Amino acid sequence: MPSYTVTIATGNQWFAGTDDYIYITLVGTEQCSERTLLDKPLYNDFERGAVDSYSVRVEENLGDIVLVKIEKRKYWMQDDWYCRYITVKTPSGDYVEFPCFRWLVDDKEVVLRDGRAHIPQDDKTGLVKQHRQKELETRKKTYRLNNSAALSRWKEWQPGFPMSIDANRHKDLPRDIQFDSEKGVDFILNYSKAIENLFVNQFIHMFQSSWNDFADFERIFVRIKNTISEYVMQHWKEDFMFGYQFLNGCNPVMIQKCTKLPDKFPVTHEMVSVSLERELTLEKEIEAGNVYIVDYKVLEGISPNCTDPCTLQYLAAPICLLYNNTHNKILPIAIQLGQTPGEDSPIFLPTDGEYDWLLAKIWVRSADFQHHQTITHLLRTHLITEMFAVAMYRQLPAVHPVYKLLIPHVRFTIAINTKAREQLICECGIFDKANATGGGGHIQLVQKCTKSLTFRSLCFPDMIKIRGMDSKEDLPTYFYRDDGYQVWEATKSFVSDVVCIYYTSDETVQGDEEIQAFVKDVCSFGMQDFDQCEFPKSVKTREELIEYLTVIVFTASSQHAAVNFGQYDWCSWIPNAPSTMRKPPPKQKGLADVNLIMESLPDCGRSSWHLGAVWALSQYQENELYLGMYPDEHFIEKPVKEAMGKFRKQLAEITSSIKKRNEGKKLPYYNMSPNKIPNSVAV
């Protein structure tokens, strides 16, 4: 009587094991096995982290094993189980691998296909075609939206937002995309821990209480030896530090080369001549490519936070002119705090009074903080990655190579975003407590910027080039650009290797109805066919597919890391990144002094909430998986594993080169170092 040996691995996460009954059925090309209970006498089966083997006896050989059916049935009370993989050893000694990496909840069954990736054209038999179709049908029922089959599981959380998952709470999500431990991503709990760890409990409720002077902020500032944050605290007033952050701070995406001064920003040569070092007029400096501009026009018209009737809060939409001096340092030379020039909107200059100029820079830093939090971070990494993730779950079965490629890079993204909508950016959420765009301004800002968000703006080389920032000769210290180029190319090379294994020609791409449905779903439903989005509705060549998938992987990993994990470094010294301003922007010069600045900066309570926020959001997850780490073997094919090895080698070389460049620097840049880039948006 033939016997098959079935080996089953249970997950290592908390509560992964089960005491429920587990049954297995082997499906072969010739016939199926009997439904077999997997149970060893006097043995605790399927414990957390266990790898258990069982014999399945059959009357006759089953032929090639194509599918494995796993069922879980209640023993005493429902006990969820996480299955990592199943390996079947045939009577002839061959091994067939069946990746699972999913939860079985309630009385659930899962039918697994062997671990080899297949595009739909590869499926020739009715059995595997039927399994593929049934899996997608089940997914679309799981990822539903108001019982509408056409829009399975899409939801517009706010009008004009990219579409997201249809779930109000983390616990409403399908089990497979929840966090292993919800407590670990509870924003309220984590903020409370941060506030306690940062010793700011005594200040947390001191709203409306201003600090006395800049040194007073040190009472809540945690000094960690040899960190950027302490250097920022010491040098934040300097023009060099102000300019440097546009290149390598946590929002290095705003600066662009100025090719012509906009009419709304009437800076003259006479105003800035003392700041120019090449004996050229301002017009000639612009022609020579030495002048840059940062424009926060998206903040114009955004409603400031009015959730606290005792504290008026203010926003500005400043414009800042920057100069690349002869030492290749980016320095501010003119600041206007509004979009409309005039007597009530003076242009502040380095030659003005010390506090006039400092207050103008503080307003720019506050505007930059609002843009970073809501647009660069929330919209362009979190929400965009979730949109790709939902489309992936809806349109690609687990056997599809693109599903296997993307699944590590959307790990926990839907969960963290759902938790954010539940606790962080919701009405009366944590965001409202300290941010000038809280209370609805952040919603307006996302709505405004979604209208102009394009697919090409997510392609890293395009993002850099369109701002005129691609010349290393012009800006040799733009490390965000240099490191980003390296990681983008390594990522694209890896994606290309994987795509070319499964797609032998452009025609193969065009004939893959699932990948075409995925791309269309992102544009038509995810981005709701917004007029300006220019997201593709199809991909016609391998090169187009490679670029499309590279955008997803890069956005979810590298771009998110670049704009997220430096928050504590650059934003923990409150005057350098005020989360709100409590006085309106100055309408004339000569009025600013220390008292006005203190009255403008966040009060003690809001400063403490802000500090807790940037601390919590800068922490890596426990057991973080970094770029190139793929412990869950969704791919089993040797060529893909070789491509992964090549990718890891490239990433290690990039990490080494970044480490070497940073040696001895007072301001090292590690945000794009692969060993500090998590695989996915999960914090």
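Because the structure is predicted, anything quoted here is derived from the model rather than measured. Per chain, residue numbering runs from 1 following the sequence as it is written. The predicted origin of the model limits local features to residues at a pLDDT of at least 70 and limits the giving and counting of side-chain atom pairs to 80 or more, whereas totals for whole chains, interfaces and linings rest on all residues. With hydrogens and water stripped out, all remaining heavy atoms of the structure feed into the side-chain values.

**Quick word on the UniProt feature "site: Essential for stabilizing binding to COTL1" (unreviewed entry) in the chain**
UniProt positions are given in the numbering used here, feature names are shortened, and annotations may be inferred rather than shown by experiment. In this structure's numbering, the residues bearing the UniProt feature "site: Essential for stabilizing binding to COTL1" (unreviewed entry) are W103. We count a stretch as a helix when DSSP gives it H or I for four or more residues in a row; a strand needs E for two or more, and each element gets its number in order from the N terminus. Considering the arrangement of structural elements, one finds W103 in strand β7 (residues 95–104). In this scheme, a residue with accessible area under 20% of its type's maximum is buried, one over 50% is exposed, and one in between is partly exposed, where area comes from a 1.4 Å probe on protein chains only. Taking relative accessible area as the criterion, W103 reaches 3% and is therefore assigned buried. Note on contacts: a residue pair qualifies if any of its non-hydrogen atoms lie within 4.5 Å across the two residues. When residues no more than four places from it in sequence are discounted, the contact partners of W103 are Q13, W14, F15, A16, D80, W81, Y82, K108, R175, D176 and D180.

**Quick look at a nonpolar patch on the surface**
Together, Y21, L37, Y75, W76 and M77 make up a nonpolar patch on the protein surface, roughly 630 Å² of accessible area in all. By the secondary structure assignment, Y75 is in the loop between β5 (65–73) and β6 (81–89). Here a patch means residues that are over 30% exposed by relative accessible area and free of salt bridges, tied together within 9 Å if like-charged and within 5 Å if nonpolar (Val, Leu, Ile, Met, Phe, Trp, Tyr). Accessible areas in this description were obtained via Shrake-Rupley with a 1.4 Å probe; residue shielding takes into account the shown protein chains only. Here, a salt bridge means any side-chain nitrogen of Lys or Arg that lies within 4 Å of a carboxyl oxygen of Asp or Glu.

**Description of unusual backbone geometry**
Not every positive phi belongs to a glycine, and F15 is a case in point at roughly 65°. Within the secondary structure layout, F15 lies in the loop between β1 (3–10) and β2 (21–28). Despite not being glycine, F101 has its phi angle at roughly 50°, a positive value. As for its placement among the helices and strands, F101 is situated in strand β7. Overall, the relative accessible area of 11% leaves F101 in the buried class.

**With respect to the environment of F647**
Within the element layout of this structure, F647 appears in helix α20 (residues 638–662). With a relative accessible area of 1%, F647 lands in the buried category. The spacing of F647 and D506 is 141 residues in sequence and 24 Å in space, taken between C-alpha atoms. Those residues in contact with F647 that sit more than four places away from it in its chain are A490, T491, F494, L627, G628 and Y630.

**Brief notes about the environment of D216**
With respect to the secondary-structure elements, D216 resides in the loop between α2 (187–197) and α3 (228–235). In sequence terms D216 and W357 are 141 residues apart; their C-alpha atoms lie 21 Å from each other.

**A closer look at the side chain of T454**
For T454, the location among the structural elements is in the loop between α11 (441–451) and α12 (460–466). On the accessibility criterion, T454 (17% relative accessible area) is buried. Dropping the residues within four chain positions of it, T454 is found in contact with Q532, C533, E534 and F535.

**Some details on the sheet that holds strand β8 (residues 109–113)**
Spatially, β3-β2-β5-β8 is the arrangement adopted by the four strands of the open sheet, whose pairing is antiparallel. Strands at the two margins of the open sheet, each flanked by one partner only, are β3 (36–37) and β8. Across two bridges, the pairing between β2 and β3 is antiparallel. By the bridge assignment, Y23 is partnered in β3 with L37. Throughout, an axis means a line fitted to C-alpha atoms (over the contacting stretch in the case of helices), and angles, computed between N-to-C directions, take values from 0 to 180 degrees. Packing of helix α1 (residues 126–142) onto the sheet brings it into contact with β2, β5 and β8, and relative to β8 it is tilted by some 130°. Here a strand pair is declared whenever DSSP counts at least two bridges between the two strands.

**Re the pattern of salt bridges**
All told, the structure shown has 32 salt bridges when counted by the stated rule. In this structure, R116 engages D114 in a salt bridge whose closest nitrogen and oxygen atoms are separated by 2.7 Å. Accessibility expressed as a relative area gives 45% for R116, which makes it partly exposed. With a closest N to O distance of 2.6 Å, D483 and R661 form a salt bridge. Taken as a pair, D483 in helix α13 (residues 479–502) and R661 in helix α20 lie far apart in primary sequence, 178 residues in all. Under the relative-accessibility criterion, R661 is labelled partly exposed at 23%. One connected set of salt bridges, linked through shared partners, spans R113, D123, R132 and E514.

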